[in-house]
Amino acid sequence: MIAATPTLAAGASDRPAGRLLSWLLGSRSSYGDAMPDQAALIEPHIPGLRRFACALLHGDRHSADDLVQDCLERALSRWHLRWAEGDVRGWLYTILYNRFLSDQHRRQRRGMHDAALEVAEAELPGVEGGQYSALAHRDLLRAFAVLPEEQRSVLILIAVEDLSYEEAARVLGVPIGTVMSRLSRGRERLRYLLDGEMNGGQRRRSATLTRVG
Amino acid sequence: MTPADRPVDEDELHAQIDGRLSPHRAAAVDAHLAAHPGTQERFSQYAEQRQALRAAFAAQAAGPIPDRLRIARIREERWHRRYRQLAQIAAAVSLLILGGVAGWAVRDVTGPLAATGVGTVAGVITADAIAAHRIYSVEVRHPVEVNADQETHLVQWLSKRLGRELTVPDLSPAGFRLMGGRLLPAEDGPAAQFMYENGSSERLTLYLRVGVGGETAFRYHEEGGIGAFYWSDEGFGYAIAAKANRDLLLRIAELVYKQTSPNGARAKIPPPPGKPS
């Protein structure tokens, strides 16, 4: 008969020695019970992070996934710094956006230009039964890619990712009034660019007439 | 003016299509749009645009999450990275320790004796043997403490002091006869010196220490015109020193080895009977 061995591991990471051991052994044990939580709290937001990254990087999916990976690595290494109120999503989007800005800054310092304004068109699937064909999606994304980055970020966070205006302001690090004006200008610009494709020839003609007049 | 009566602004129209409008303003916004058909048309296009963007981006990020974006995978990578860093630190620390140990180990060899090419014990014994030879071989009146005519007593006395039964080699085949011997202080205990002389009054000394581990081959070192062969065997460290050429010293060293080592053809002097006086 073998006696049950008492489990010593439970609660070890609460004590200083446990924390040191945890650091030495790395994340495999450092977060103890928090480990499944991390995956459960982060992974639901990965599709959204990929969309956000795609929107920032003009649809370059590979670079977008690089950015997301970078973001997730930082999130894991700074897990203890996550926002106290438990808004993991907003915190993740903020990390990703800040990474994007610093990458952008680095590229500009090196004198490199923005990635070509190209949407990865070949892989765009059609949406069956939807109002818009794959062609329409392509046109929409191409028009979207023409918008300035600040309008793209606001539109993706609010219109696609369903962040509140306050949450978007926090992620982007700007006042809420700035978010509203960027949203307004972004929507109008996109409407202008898509006028015709989305709304039919009739409207395009009238819009043209309006602009000429 | 109640909140419901407040004029509708552009932000509220956006809030309506984003589903962020507070319910008590819904009626005011609807009334505003009804009164402004142009604005209503524009915002209905924004609403369509919103749906189209959602569909387009949903399609763009469709498909399963790639493996490299899985939390478990990223955590694994981080663990490996940290493990590699730890391994590097450990390697660096081990190298430092190894360097320190090696430095400590060679500290005695790094003097003039480094040229002997022998280890610490061999170097020290050789140096002591040469120093003792230099001092006592030039003595005219008191080259030895106990004379060869009291050989039995000499051997018993030195055996007792060194704690091991000593053998005094017979070097007459090389033309040397025993003059006698003396007790000497050494690093961590006593040492014995036996002195021999040949017909030309040339002297050589055999220096002995106990507690020397291992067995080594003959190693030659020369200092200030005095040559010495050192070897260790059966817990003894031997050094034979003389102002002589290397070949002669080697012959004598071999002679001593043959008589002292069980591996050599031993010609042991039997322990004398009775107690020392």
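For the structure, check the block above.
These lines cover the structure that appears in this document, whether it is placed above or below. Predicted model, so just to flag it, every value in this text is computed and none were measured.

**So, the overall build of chain A**
Of regular secondary structure, chain A possesses 11 helices and zero strands. Scanning chain A from its N terminus toward the C terminus, one meets helices and strands in the order α-α-α-α-α-α-α-α-α-α-α. Buried residues in chain A amount to 33% of all 213 residues. Taking contacts inside chain A between residues at least 6 apart in sequence as the whole, the part at least 24 apart equals 58%.

**A closer look at helix α9 (residues 165-172) of chain A**
Residue and element names in this part refer to chain A. Taken as a whole, α9 has its buried residues at Tyr165, Ala168, Val171 and Leu172. Seen from one end, α9 has its buried residues packed into an arc of 125°, which puts them on one side. Check the buried side of α9 and you find it contacts α6 (88-109), α8 (149-160) and α10 (176-194). Phi for Gly173, located one or two positions after α9, is positive at around 70°.

**Quick word on the interface of chain A and chain B**
Residue-level contacts link 45 residues of chain A with 33 residues of chain B. Sorting the residues of the side of chain A that touches chain B by element identifies α2 (27-30), α3 (34-42), α4 (46-56), α5 (61-77), α7 (134-146), α8 and α10 of chain A as the ones contributing at least two each. Broken down by element, the residue count for the side of chain A that touches chain B peaks at seven residues, all from α10(A). Here the residues of the side of chain A that touches chain B are counted per class, giving 27 nonpolar, 10 polar and eight charged.

**What about the sheet that holds strand β1 (residues 146-147) of chain B?**
Residue and element names in this part refer to chain B. One open sheet accounts for seven strands, arranged β1-β2-β3-β4-β7-β6-β5; its pairing is antiparallel. A single partner strand is all that each edge strand has here, and the edge strands are β1 and β5 (219-223). Summarising the sheet, β1 and strand β2 (residues 176-186) pair through two bridges and their orientation is antiparallel. Paired with Asn147 across the bridge in β2 is Gly180. Helix α6 (residues 151-162) contacts β1, β2, β3 (189-198) and β4 (203-210) of the sheet and is inclined by roughly 25° relative to β2. Its contacts with the sheet put helix α7 (residues 246-260) on β4, β5, β6 (226-233) and β7 (236-242), and the angle it makes with β6 is roughly 25°.

**A look at the pairing of β6(B)**
Within a regular strand, the side chains alternate between the two sheet faces. All names here are of chain B. β6 sits mainly inside the fold: seven of its eight residues count as buried. Sheet topology note: the β5/β6 ladder contains five bridges and is antiparallel. Paired with Glu222 across the strands is Gly227, a residue of β6. Between the end of β5 and the start of β6, which pair antiparallel, lie two residues, with Gly224 showing a positive phi angle near 60°. The sheet contact formed by β6 and β7 spans seven bridges and is antiparallel. Looking across to β7, one finds that Ala228 is bridged to Ala241. Adjacent in sequence and paired antiparallel, β6 and β7 are bridged by two residues, among which Glu234 carries a positive phi angle near 55°.

**A word on the nonpolar core**
Membership of the largest hydrophobic core comes to 52 residues, with the highest contact counts inside it found for A:Ala53, A:Val68 and A:Leu96. Among residues more than four places away in sequence, those in contact with A:Val68 are A:Ile46, A:Leu49, A:Arg50, A:Ala53, A:Leu96 and B:Leu69. In this structure, B:Ala122, B:Ile125, B:Phe176 and B:Ile226 belong to the second largest nonpolar core, which totals 40 residues.

**Things to note about unusual backbone geometry**
Backbone geometry follows two general trends: most residues other than glycine have a negative phi, and most peptide bonds adopt the trans configuration. For A:Asp162, which is not a glycine, the phi torsion comes out positive at approximately 60°. Tracing the sequence through the fold places A:Asp162 in the loop between α8 and α9.

**A short note on the pairing of β2(B)**
All names here are of chain B. The pairing of β2 with β3 spans 10 bridges and is antiparallel. Of the residues in β3, the one forming a bridge with Gly181 is Phe194. If you look at the hairpin formed by β2 and β3, you'll find two residues sitting between the two strands.

**Considerations on the packing of α6(A) against α9(A)**
Two quantities define a packed helix pair, namely the angle between the axes and the distance from one axis to the other. Residues and elements named next belong to chain A. Put simply, α6 and α9 touch, their axes get as near as 8 Å, and they point 35° apart. The element α6 and its partner α9 pack so that their crossing is right-handed. In this structure, α6 uses Gly90, Tyr93, Thr94 and Tyr97 to contact α9, whose residues at the interface are Glu167, Arg170, Val171 and Leu172. Its residues assigned to classes, the contact of α6 with α9 comprises four nonpolar, two polar and two charged.

What counts and how
- Residues numbered from 1 in each chain as written.
- Chains lettered and ligands numbered in written order.
- Predicted model: local features only at pLDDT ≥ 70, side-chain atom pairs only at ≥ 80, totals over all residues.
- Helix = DSSP H or I, 4+ residues; strand = E, 2+ residues; numbered from the N terminus.
- Buried ≥ 20, exposed ≤ 12 C-beta atoms within 10 Å, placed from the backbone.
- Contact = placed C-beta atoms within 7 Å.
- Arc of directions from axis to C-beta.
- Nonpolar A, V, L, I, M, F, W, Y, C, P; charged D, E, K, R; others polar.
- Pairing = 2+ DSSP bridges.
- Axes fitted to C-alpha atoms, helices over the stretch in contact; angles between N-to-C directions.
- Core = buried A, V, L, I, M, F, W, Y, C linked by C-beta atoms within 7 Å.
- Left-handed = near helix turned anticlockwise from the far one by under 90°.

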